[in-house]
Amino acid sequence: MTGTAAAAPPAIGTFERYLSVWVGLCIVAGIALGYALPGLFAAIAAAEVARVNLVVAALVWLMIIPMLLKIDFGALGSVRQHWKGVGVTLFINWAVKPFSMALLGTVFIGWLFRPLLPEADISSYIAGLILLAAAPCTAMVFVWSNLCEGDPTYTLSQVALNDVIMVFAFAPLVGLLLGVASITVPWDTLLLSVLLYIVVPVIVAQLIRRAVLARGGKLTLDRLLNLFGPVSLVALLTTLVLLFGFQGEAIIAHPLVIALLAVPILIQVYFNAGLAYWLSRRFGVAWCVAAPAALIGASNFFELAVAAAISLFGLNSGAALATVVGVLVEVPVMLSVVSIVKRSRGWYERGAAA
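Residues numbered from 1 in each chain as written. Predicted model: local features only at pLDDT ≥ 70, side-chain atom pairs only at ≥ 80, totals over all residues. Heavy atoms only, no water.

**Quick notes on the overall build of the chain**
Our working rule: Secondary structure elements are defined from DSSP: runs of H or I of at least 4 residues count as helices, runs of E of at least 2 residues count as strands, and each element is numbered from the N terminus. The buried label goes to any residue with under 20% of its type's maximum accessible area, the exposed label to any with over 50%, and the partly exposed label to all in between, with areas taken from a 1.4 Å probe on protein chains only. By the convention used here, residues are in contact when the closest approach between their heavy atoms is within 4.5 Å. Only the protein chains shown count as cover for residues, with accessible areas throughout obtained via the Shrake-Rupley method and a probe of 1.4 Å.
Broken down by element type, the chain carries 15 helices and two strands. With 354 residues in all, the chain has 54% of them scored as buried. Taking the intrachain contacts of the chain between residues at least 6 apart in sequence as the baseline, contacts between residues at least 24 apart amount to 86%. Summed over all atoms, the accessible surface of the chain reaches about 15100 Å², with 70% contributed by carbon and sulfur.

Structure, rendered in structure tokens:
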């Protein structure tokens, strides 16, 4: 993709057009199934290594490998022309998002909603929100970028850069914001997540891409991508059912707590996405980069956040519950951000050109 908007985006199918409807149905189905069949979902949740669920990991593969098939590694060098977009996303991810969440958590959970929440869990809730915001999303970003027709080479480069920074910055950043001298980072979870969600899918996708191109050329690859498109969305919806099913009992048991914790998360997502999008427009960044930049700037690496919260505060802590709320709102809210950036493309490109 280039920075120009000469060609109209391809028409989307009926299934994709009503994706928000399917998401809503999957949320309801997940909560209902999780409440009705807790044993089944507990067994699925137990299939994990280093607190990374293997079933969810397999579904993530089905989501992102079709996206990664589009990436031509020979074109990765072209991402240098989008250095402004990279800079905007790095600024949002590491200089704005963790600190804005600390502020929002303190204002909403520590002050406005304090009378409505268990007093003993207030600090733990805020800590969980900070953990959620301290690590940018990895695998799911490929899905959001694909849905908003973002530049796949930029997305891969940005995610890889964030992964490298996260290895060094996560612990000291969380330690600073939580005021804790020593933070125990679940390194096994962090490294395994990067391996499962980035390294292995990239290798698998590139092997498939090379084999298909060698055998049938670009036309065969395009046919394969069209075939895999619905598979990615079905995997996304299945993941949604599982995530809400895992927490079905908790949602029904603590609906008010879940709703109140969701407020600062929602504000933080829209604020950071909007700021990244606006800054990209001011700096003249191409829309195909600004759209995924907004999504990467706003989304969270919830697998790491949940694991870190459990490691630091315990499975039944307020921090763990707060990170789980982040999991619950991630897909619906990011789909809304995808819709916003796509609908505002004309406005964006007029301003970026000016």
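**As for helix α4 (residues 54-68)**
An α-helix turns once every 3.6 residues. As a result, residues three or four positions apart point the same way. The cut-off we apply is this: An expected span of 1.5 Å times one less than the residue number is assigned to each helix.
Given a rise of 1.5 Å per residue, 15 residues ought to cover 21 Å, and the 20 Å separating the end C-alpha atoms of α4 matches this to within 8%. Buried within α4 are the following residues: V56, A57, L59, V60, M63, I64, I65, P66, M67 and L68.

**Description of the side chain of T153**
As a reminder, the rule being used: Any pair of nitrogen or oxygen atoms within 3.5 Å is treated as a polar contact; in protein, a donor-acceptor pairing is required on top of that, and neighbouring residues in sequence qualify only through side-chain atoms on both sides.
Among the structural elements, T153 can be located in helix α8 (residues 152-178). Polar side-chain contacts of T153 include one of 2.5 Å to the side chain of D151.

**Focus on the environment of A319**
Along the chain, A319 falls in helix α14 (residues 318-343). Taking the relative accessible area as the measure of exposure, A319 reaches 0% and is therefore buried. Separated by 13 residues in sequence, A319 and V306 have C-alpha atoms that sit 8.4 Å apart. In contact with A319, not counting residues within four places along its chain, are S124, Y125, G128, A309 and F313.

**What about the nonpolar core?**
Our working rule: Throughout this description, the term nonpolar core refers to a set of buried Ala, Val, Leu, Ile, Met, Phe, Trp, Tyr and Cys residues connected via side-chain atoms within 4.5 Å.
Residues I109, W144 and F170 are the most contacted members of the largest nonpolar core, which totals 123 residues. If one sorts the elements of this core by residue count, helix α9 (residues 187-246) sits on top with 18 residues.

**With respect to the packing of aromatic side chains**
Applied cut-off: A pair of aromatic rings is counted whenever rings of Phe, Tyr or Trp (Trp by its six-membered ring) have centres within 6.5 Å, and the orientation is called stacked for planes under 30 degrees apart, edge-to-face for over 60 and tilted otherwise. Only when the NZ of Lys or the CZ of Arg is both within 6 Å of the ring centre and within 35 degrees of the ring normal is a charge said to sit over the ring.
For the structure on display, the rule yields four aromatic pairs. Look at Y277 and W347: their rings are 6.2 Å apart centre to centre, the planes differ by 40 degrees, and that puts the pair in the tilted class. One end of the pair, Y277, is in helix α11 (residues 255-282); the other, W347, is in helix α15 (residues 345-353), with 70 residues separating them in the sequence. For W347, a relative accessible area of 37% translates into the label partly exposed. Put simply, the rings of Y277, W347 and Y348 touch in pairs and so form one group of aromatic residues. Seen from the ring of W347, R281 lies directly overhead, with NZ or CZ sitting 3.7 Å from the centre.

**Overview of the packing of α11 against helix α12 (residues 287-298)**
Our working rule: Fitted lines through C-alpha atoms serve as axes, helices being fitted only where they are in contact, and the angles separating the N-to-C directions of these axes extend from 0 to 180 degrees. An angle below 35 degrees is read as roughly parallel, one above 145 as roughly antiparallel, one from 65 to 115 as roughly perpendicular, and any other as oblique. Definitions for this section: a left-handed crossing has its near helix turned counterclockwise from the far helix by less than a right angle. A right-handed crossing has that turn clockwise. In this classification, Asp, Glu, Lys and Arg are treated as charged, Ala, Val, Leu, Ile, Met, Phe, Trp, Tyr, Cys and Pro as nonpolar, and every other residue, Gly included, as polar.
Look at α11 against α12: their axes get within 8 Å of each other, and the N-to-C directions meet at 150 degrees. Between α11 and α12, the angle falls in the class roughly antiparallel. Of the two possible hands of crossing, α11 and α12 adopt the one that is right-handed. Contacts from Q268, V269, N272, A273, A276, Y277 and S280 of α11 reach α12 at W287, A290, A291, A293, A294, G297 and A298. For the contact of α11 with α12, the per-class residue count stands at ten nonpolar, four polar and no charged.

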